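One letter stands for each residue in the lines below.
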Amino acid sequence: MNQWCVSSCVGFVYNIKNLLKERVKTYGIPDSGDSAYSRLTVFVSPNAEIAIGALKKAQKPDRPEPWIRQVVSATRSTDKDGNILSGIPQAIDVWVPRIWSQNDEEWASSVFKKAVGR
């Protein structure tokens, strides 16, 4: 795992870690903690009008082009007992730190080698 594990990835990791506890270990660095499965786009126009909408990235709003557009999480994911998952990265079983000089492929390779015991 790494910081690019977002949304569905976070949900997937949470589920496999909690359903298959004895059979799953995670390697790498913490995920993003963004488990939101729904997002809203907030638009602020040049004259400070605020509108909230759910638009696809390529879809244009039915108003003048906004001055600011910000996407925000609109849900708080919880487990079956109501414990909040949003904003809390999954615990890593085996930390594999990234060295500053590694590119993505080199780091991923070091994580894989650690996972298979090399």
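Predicted model, so just to flag it, every value in this text is computed and none were measured.

Q: For this particular structure, what's the right way to read the nonpolar core?
A: Generally speaking, a soluble globular protein has its nonpolar side chains buried in company with each other. Judged by nonpolar contacts, Tyr27, Ile29, Val94, Val96, Trp107 and Val111 together constitute the single largest core of six residues. If you look at the next biggest cluster of nonpolar residues, it comprises five residues, including Cys5, Val10, Val13 and Ile92.

Q: What exactly am I supposed to notice about the side chain of Asn2 here?
A: Position of Asn2 relative to the elements: it lies in the segment before helix 1 (8-19). A distance of 2.8 Å separates the side chain of Asn2 from the backbone nitrogen of Trp4, its partner in a polar contact. Every residue in contact with Asn2, bar those within four places of it in the chain, is listed here: Ile29, Pro30, Asp31, Ser32 and Trp107.

Q: How should unusual backbone geometry be read in this particular structure?
A: One can expect most non-glycine residues to show negative phi and most peptide bonds to be in trans. Positive phi values are uncommon outside glycine, yet Ser7 reaches one of about 55°. The topology assignment puts Ser7 in the segment before helix 1.

Q: Honestly, the pattern of salt bridges in this entry has me stumped. Any pointers?
A: Between side chains of opposite charge, a pair can form when the charged atoms approach closely. Tallied over the entire structure, the rule returns three salt bridges. The salt bridge involving Lys17 is made with Asp93; its shortest N-O contact spans 3.6 Å. Of this pair, Lys17 sits in helix 1 while Asp93 sits in the loop between strand 4 (68-73) and strand 5 (94-95), and the two are 76 residues apart along the sequence. On the basis of relative accessibility, which here comes to 16%, the residue Lys17 falls in the buried class. Among the ionic pairs, Asp104 bridges to Arg98, the shortest N-O distance being 2.8 Å. Relative accessible area serves as the criterion here: at 35%, Arg98 is assigned to the partly exposed category.

Analysis parameters
Residues numbered from 1 in each chain as written. Predicted model: local features only at pLDDT ≥ 70, side-chain atom pairs only at ≥ 80, totals over all residues. Heavy atoms only, no water. Core = buried A, V, L, I, M, F, W, Y, C linked by side-chain atoms within 4.5 Å. Buried < 20%, exposed > 50% of the residue type's maximum accessible area, 1.4 Å probe, protein only. Helix = DSSP H or I, 4+ residues; strand = E, 2+ residues; numbered from the N terminus. Polar contact = N/O pair within 3.5 Å; in protein donor to acceptor, adjacent residues only side chain to side chain. Contact = heavy atoms within 4.5 Å. Salt bridge = Lys/Arg side-chain N within 4 Å of Asp/Glu carboxyl O.

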